[in-house]
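Chains, contacts and geometry: an overview
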Amino acid sequence: MLKLAELFQNDMILQRRKPVRIWGTSDSEVSVSVTINNIGVGVFDLPTGDFSIELPPQEAMENANIEFKIDGNRELSLTGVDFGEIWIAGGQSNMEFYMRWDANGQDFIATHTDEHIRHYEVGRFCFEGHRQEGTKDVSHSFKWMKLGPDTTQYFSAVGTYFAHELRDKLNIPIGIIACNWCGSTASAWLDRTILENDPDLRVYVDDYKKGLEQLDLSKYHDKMKAARQKEFKKGPADFEKLHGTLATKPASKLTKFVRSIGNQPLGPEEPNRPGCLYEYMIKEIAGFACAGVIWYQGETDAGHADIYDKLFGAMIDNWRRDFKDELPFFYVQLAPFEQWLNCYGNDFPKLRQAQARAEKQLQNVYMVSIMDAGERYDIHPKNKVVPAHRLALKALKYMYNVAVQCEEPEIEDVIFKPEAIEVVFKNAAGGLECDYGFNELFDIRVDGNLISYNEKIVDNTIVITSDEYKADSKVEIAFAYRDYLKMDLYNRAGLAARPMEWRSNGL
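To start, this report covers the structure provided alongside it. (Residues numbered from 1 in each chain as written. Predicted model: local features only at pLDDT ≥ 70, side-chain atom pairs only at ≥ 80, totals over all residues. Heavy atoms only, no water.)

1. So, the packing of helix α9 (residues 276–285) against helix α10 (residues 308–323)
In the contact formed by α9 and α10, the axes pass within 10 Å of each other and the chain directions differ by 45°. Judged on the interaxial angle alone, α10 and α9 are oblique. In terms of crossing hand, the pair formed by α9 and α10 is right-handed. Contact residues: α9 offers Y278, I282 and I285, while α10 offers N318, W319, R321, D322 and F323. Its residues assigned to classes, the contact of α9 with α10 comprises five nonpolar, one polar and two charged. (Axes fitted to C-alpha atoms, helices over the stretch in contact; angles between N-to-C directions. Helix = DSSP H or I, 4+ residues; strand = E, 2+ residues; numbered from the N terminus. Parallel < 35°, antiparallel > 145°, perpendicular 65-115°, else oblique. Left-handed = near helix turned anticlockwise from the far one by under 90°. Contact = heavy atoms within 4.5 Å. Nonpolar A, V, L, I, M, F, W, Y, C, P; charged D, E, K, R; others polar.)

Here it is, written out as structure tokens:
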């Protein structure tokens, strides 16, 4: 008897134009023939126990029937299977963020039905026996669901908007595999041994071990189980408020709740311990053929911003190794943010620069900026159309060769002239636009002192003048280098400029 892994179900989507690995278990050694719509695609000799087979690449198709036969008799089948583009939607809460919480979500849910956009959510479990404990609602996890009024509210908003735009442009089935966890650090999403063997990244393991020494593990396990049972019994009311309500003030009635769930060292039953989510979530899907990854994460790693580019690169290498594919990664640079409950954005500027470095250091990795789409007092911006659209633009250009403008304005050069500083932007064909004023986007220091200045746009250049500037001065320019601001500098494609630091010679 054959049993396929949980991921392989009726109404799923498989990746087109790549070999497709399917795995499961067999209770005996058997020879299995596989057909797609009654056309043979391979015969495979399976061992007793775990097996893995690889189907040949297929073009896009809808509602296919895949049959597995032993001695000419059907052993099992998968019906309603599409072949199209599969994208993993990974990261923390801004990627997990459900469509029902999105600013435009209810309108989208009410007006969009498409049986060839499908969503699969990897269940969020983080320790041995967690799922069997029965303290989590998995009614929307571990199943392929079609876009529709009864299902879409539980889909990743970024993933869904992204899928919808690709579907509109490519006219083929699009599948999203949501594999994310709110508040997660990237160190939880890769093999722990990688962290342990790297002198810089080992800090995550060392911090975890130090925390363990402070815990009474017997009391800890009882406390954690009781908390999970209580939360499951009463339902996720606080969690819903945290995500679904736009915070417009620096404090909230939910601050007490947040402190109660985060005021202790990490223990062995929490998702942010090193390698945890890799072990219990990524391994559920590793090896599944897909087009690439969209990623929105980094808030929780702001405290180690100086090594985030290395951590992110190590995670990407790890995933590519396990998926046996040089997967492209498209990711979101952190949005502007000042304070939300007991979270602060002080280190976000450093983290954004680490994210920008990663794009320059890594191959087949692309970043999008949403500096115009943050909220001062909410770490979860409610308009997920913005990051999803910009991710889709990058994917359309670099994956599907669609002619779109997808690059944000970015400082290319700074020219120090006797009478002015000229800040030259690339990706600004036709000139820069700033409709409502610069909103103090620049912080400029001359010989260590913050100066006042005037600025104007000339085509793709911002010309800065000041009585306090001299050509032989040592100048530091920080552009949009703040925890929170409202970016108001765009190119003609409506894409917001990226933040950056720049220093003159001698600094």
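2. What about unusual backbone geometry?
Residue N38 is not a glycine yet carries a positive backbone phi of 70°. Positionally, N38 belongs in the loop between β4 (30–36) and β5 (39–46). The backbone phi angle of N63 is positive, close to 55°, even though this residue is not glycine. Mapped onto the elements, N63 comes out in strand β7 (residues 61–70). A relative accessible area of 39% places N63 in the partly exposed class. (Buried < 20%, exposed > 50% of the residue type's maximum accessible area, 1.4 Å probe, protein only.)

3. Overview of the side chain of E422
Tracing the sequence through the fold places E422 in strand β18 (residues 421–426). A distance of 3.2 Å separates polar atoms of two side chains, one belonging to E422 and the other to K417. The residues touching E422, leaving out its near neighbours within four places in the chain, are D413, V414, I415, K417, T461, I462 and V463. (Polar contact = N/O pair within 3.5 Å; in protein donor to acceptor, adjacent residues only side chain to side chain.)

4. Some words on the nonpolar core
Counting 89 residues, the largest nonpolar core has F8, F68, I177, W189, F288 and W319 as the members making the most contacts within it. If one sorts the elements of this core by residue count, α10 sits on top with eight residues. For F288, the residues in contact, after removing those within four places along its chain, are L7, F8, M12, I13, L14, W23, I86, W144, I177 and F323. Counting 39 residues, the second-largest nonpolar core is a separate cluster that includes W87, Y98, M99 and F162. (Core = buried A, V, L, I, M, F, W, Y, C linked by side-chain atoms within 4.5 Å.)

5. Quick notes on the sheet that holds strand β6 (residues 49–55)
Spatially, three strands are ordered β1-β3-β6 in an open sheet, and the strand pairing comes out antiparallel. Two strands close off the open sheet at either side, each with one partner strand: β1 (2–4) and β6. Shown here is a sheet whose adjacent strand axes are inclined to one another by a mean of 35°, direction ignored. Two strands pair when backbone bridges link them, and strand β3 (residues 20–26) and β6 are joined in this way by seven bridges, in the antiparallel orientation. Opposite G24, over in β6, you have F51 as the bridge partner. (Pairing = 2+ DSSP bridges.)

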